[in-house]
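Residues per chain are reported as follows:
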Amino acid sequence: YALQTGDNTYVFYEKEIRENYLNNLKLETELRSALENNELSLNYQPQVQVGSRAIIASEALLRWHNKNLGQVSPGDFIPVAERTNLIIPIGNWVLEEAIRQNQKWQQLTNEPLGVAVNLSPVQFKKSDLPKIIKELLEKYQMPAELLEVEITEGILVENMVGTGSQLEQIKALGVKVAIDDFGTGYSSLKYLQNLNFDKLKIDREFIKDYPENDSGSIAKTILNLAAQLELHVIAEGVETHEQFLFLKENNCHEIQGYYFSKPLSVKDFEILITEQNQVD
Ligand code: C2E
Ligand code: MG
Ligand code: MG
Ligand code: MG
């Protein structure tokens, strides 16, 4: 412990805690006005069908550029947004922006294009999420099956009253539900039976070391499990051709990752889907 090893260590920890606290406070202050100052934007990362290599959807990923802090990564500001409940208005903005944008893109593509949106457990604290989604789909005339929500296993562990029923209501609209970062959470497999999800998203953790330090055994196990349960599977964080081939051989349906494309600005994503259409 710091206290036992002497003053210097103790002072060091105290300083670190204080700096962390001040940093978070600064983030929080700036985040409060991020929405009204138009500092938020979405990047879109292609989700690609393994067999055809066609882009069939994208994942909307939040970006924040602040005049004082510069570019702040979601890994740093999402936890602050969750702790302060700011993720509720921000999450609603993400939903509307992704749906609005995706509907505009339908004119550019031959095949219908889907969009995946990350949802925080905090957004389920209020019970109006299904209603908000329903109204946005109506407002932008988006077919419900083109929207996918990504939730993590944690949502079910935290076991907030009503989360399950809200998910059922969202599913009943025709919206797809994917489990993000699958395999990294603490929940039991039983929830896969109780709530019928559409898709598992294999976490990058089980892809990134293939084939150097990993034989892909966990990824294979997840793919087998999904086949048994008749769930769709997408692998995230696919960076190399070898990883792509491995996933293809093991009947993974879709991939997402730098191998195909980084998350892109609206402009760059548009260029990509326009090119794809000219090839078709
Ligand atoms: P996630 O939902 O698991 O998103 C995937 C993350 O992996 C993204 O990081 C993406 O940029 C990154 N990534 C994609 N392909 C590769 C690859 O091939 N290699 C590597 N190394 N990384 C790859 P990002 O954009 O920094 O987002 C981090 C996390 O922040 C997301 O993880 C998600 O949990 C959260 N997040 C992002 N946008 C939103 C949002 O709108 N709402 C909520 N609630 N959370 C969000
Ligand atoms: Mg995600
Ligand atoms: Mg993920
Ligand atoms: Mg992840």
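Residues numbered from 1 in each chain as written. Chains lettered and ligands numbered in written order. Predicted model: local features only at pLDDT ≥ 70, side-chain atom pairs only at ≥ 80, totals over all residues. Heavy atoms only, no water.

In the annotation of an unreviewed UniProt entry, the protein is listed under the name EAL domain-containing protein and assigned to Acetobacterium wieringae.

Engineer: Got a minute to help me understand the overall build of the protein in this structure?
Structural biologist: A count of helices and strands for the protein gives ten helices and nine strands. Scaling as 2.2 N^0.38, a compact globule of 280 residues should have a C-alpha radius of gyration of about 19 Å, and the protein matches this with 20 Å. Over its C-alpha atoms, taken along the principal directions, the protein stretches across nearly 65 × 45 × 40 Å. Looking at the protein as a whole, 46% of its 280 residues are labelled buried. (Helix = DSSP H or I, 4+ residues; strand = E, 2+ residues; numbered from the N terminus. Rg over C-alpha atoms; globule rule 2.2 N^0.38 Å. Buried < 20%, exposed > 50% of the residue type's maximum accessible area, 1.4 Å probe, protein only.)

Engineer: How do you make sense of unusual backbone geometry when you look at a structure like this?
Structural biologist: A cis amide bond links Tyr 210 with the next residue in sequence, Pro 211, at an omega value of -5°. The topology assignment puts Pro 211 in the loop between β7 (199-202) and α8 (217-228). Look at Asn 38: it is not a glycine, yet its phi comes out positive at around 55°. Position of Asn 38 among the secondary structure elements: in the loop between α1 (7-32) and β1 (40-49).

Engineer: Would you take a moment to explain the coordination of the magnesium ion (ligand 4) for this structure?
Structural biologist: Tetrahedral coordination by four donors places them ideally at 109.5 degrees to one another around the metal; octahedral coordination by six donors ideally gives 90 or 180 degrees. The magnesium ion (ligand 4) binds to the protein through Asp 181 (OD) and Glu 236 (OE); the donor distances cover 2.4 to 2.7 Å. Metal-to-metal, the separation of the magnesium ion (ligand 4) and the magnesium ion (ligand 3) is 2.9 Å; Asp 181 coordinates the two. Of this pair, Asp 181 sits in strand β6 (residues 176-182) while Glu 236 is found in strand β8 (residues 232-236), placing the two residues 55 residues apart along the sequence. The exposure class assigned to Asp 181 is partly exposed, which follows from its relative accessible area of 24%. Taking relative accessible area as the criterion, Glu 236 reaches 13% and is therefore assigned buried. (Donors = N, O, S within 2.8 Å, 3.2 Å for Na, K, Ca; no water.)

Engineer: Looking at this structure, I do not really get the coordination of the magnesium ion (ligand 3). What am I missing?
Structural biologist: At this site the magnesium ion (ligand 3) is bound by Asp 180 (OD), Asp 181 (OD), Glu 236 (OE) and Glu 236 (OE), with donor distances of 2.1 to 2.4 Å. Of note, the magnesium ion (ligand 3) draws all its donor residues from one chain, in the sequence arrangement D-D-x54-E. Separating the magnesium ion (ligand 3) from the magnesium ion (ligand 2) is a gap of 3.8 Å, bridged by Asp 180, which donates to each.

Engineer: I keep staring at the site of ligand 1 and nothing clicks. Help me out?
Structural biologist: Around ligand 1, 21 residues are found, and the nearest of them are Arg 63, Asn 118, Asp 180, Glu 239 and Tyr 258. One of the side-chain nitrogen or oxygen atoms of Gln 45 is found 3.0 Å away from a nitrogen atom of ligand 1. A distance of 3.3 Å is found between an oxygen atom of ligand 1 and a side-chain nitrogen or oxygen belonging to Glu 236. Out of a free accessible area of 800 Å², ligand 1 has 80% covered by protein chains. Placement of ligand 1 is best described as lying within the largest pocket. When residues of the shell around ligand 1 are traced back to their parent elements, those giving at least two are β2 (55-66), α2 (74-83) and β6. For the shell around ligand 1, the class distribution of residues is eight nonpolar, five polar and eight charged. (Near = heavy atom within 4 Å. Polar contact = N/O pair within 3.5 Å; in protein donor to acceptor, adjacent residues only side chain to side chain. Areas by Shrake-Rupley, 256 points an atom, 1.4 Å probe, with all protein chains shown as cover. 1 Å grid on protein atoms, 1.4 Å probe; cavity = no way out; pocket = protein on both sides within 12 Å on 5 of 7 lines; lining within 4 Å. Sits in = over half its atoms within 2 Å of the grid points. Nonpolar A, V, L, I, M, F, W, Y, C, P; charged D, E, K, R; others polar.)

Engineer: Please clarify how the layout of surface pockets should be interpreted in this entry.
Structural biologist: To find leftover empty space, a probe the size of one water molecule is rolled over the atoms. Computed from the structure, the largest pocket encloses a volume of approximately 950 Å³. Around the largest pocket sit 35 residues that line it, and Glu 59, Leu 61, Pro 74, Asn 118 and Asp 180 are the ones nearest its centre. The set of elements that each furnish at least two residues to the lining of the largest pocket consists of β2, α2, α3 (87-105), β5 (147-152) and β6. One number sums up the size of the second largest pocket: a volume of about 300 Å³. (Points joined across faces, edges and corners; volume = space filled by probe spheres on them.)

Engineer: Could you clarify how one ought to interpret the packing of α3 against helix α4 (residues 129-139) in this entry?
Structural biologist: Relative placement of two packed helices is described by the angle separating their axes and the distance separating the axes. At their nearest, the axes of α3 and α4 sit 10 Å apart, and the two run at 25° to each other. The pairing of α3 with α4 is recorded here as roughly parallel in orientation. Every pair of crossing elements has a handedness; the one defined by α3 and α4 is right-handed. Listed contacts from α4 to Asn 92, Leu 95, Glu 96 and Ile 99 of α3 are Leu 129, Ile 132, Ile 133, Leu 136, Leu 137 and Lys 139. Residue classes in the contact of α3 with α4 are distributed as seven nonpolar, one polar and two charged. (Axes fitted to C-alpha atoms, helices over the stretch in contact; angles between N-to-C directions. Parallel < 35°, antiparallel > 145°, perpendicular 65-115°, else oblique. Left-handed = near helix turned anticlockwise from the far one by under 90°. Contact = heavy atoms within 4.5 Å.)

Engineer: Which parts of the structure should I look at to understand the pairing of strand β4 (residues 114-118)?
Structural biologist: Residues in a regular strand point their side chains to alternate faces of the sheet. Of all the five residues making up β4, four are buried; the element is thus mostly covered by neighbouring parts of the structure. When β2 meets β4, the two strands line up parallel, connected through four bridges. The residue bridging Ser 58 from the neighbouring strand is Val 115, located in β4. Judged from the four bridges that link them, β4 and β5 form a sheet pairing that is parallel. Note that in β5 the partner of Val 117 across the bridge is Val 149. (Pairing = 2+ DSSP bridges.)

Engineer: Would you explain the nonpolar core in this entry?
Structural biologist: As a rule of thumb, nonpolar side chains are buried together in soluble globular proteins. Membership of the largest hydrophobic core comes to 75 residues, with the highest contact counts inside it found for Leu 31, Ile 133, Leu 147, Phe 197 and Leu 247. For this core, the leading source of residues is α3, giving eight residues. (Core = buried A, V, L, I, M, F, W, Y, C linked by side-chain atoms within 4.5 Å.)

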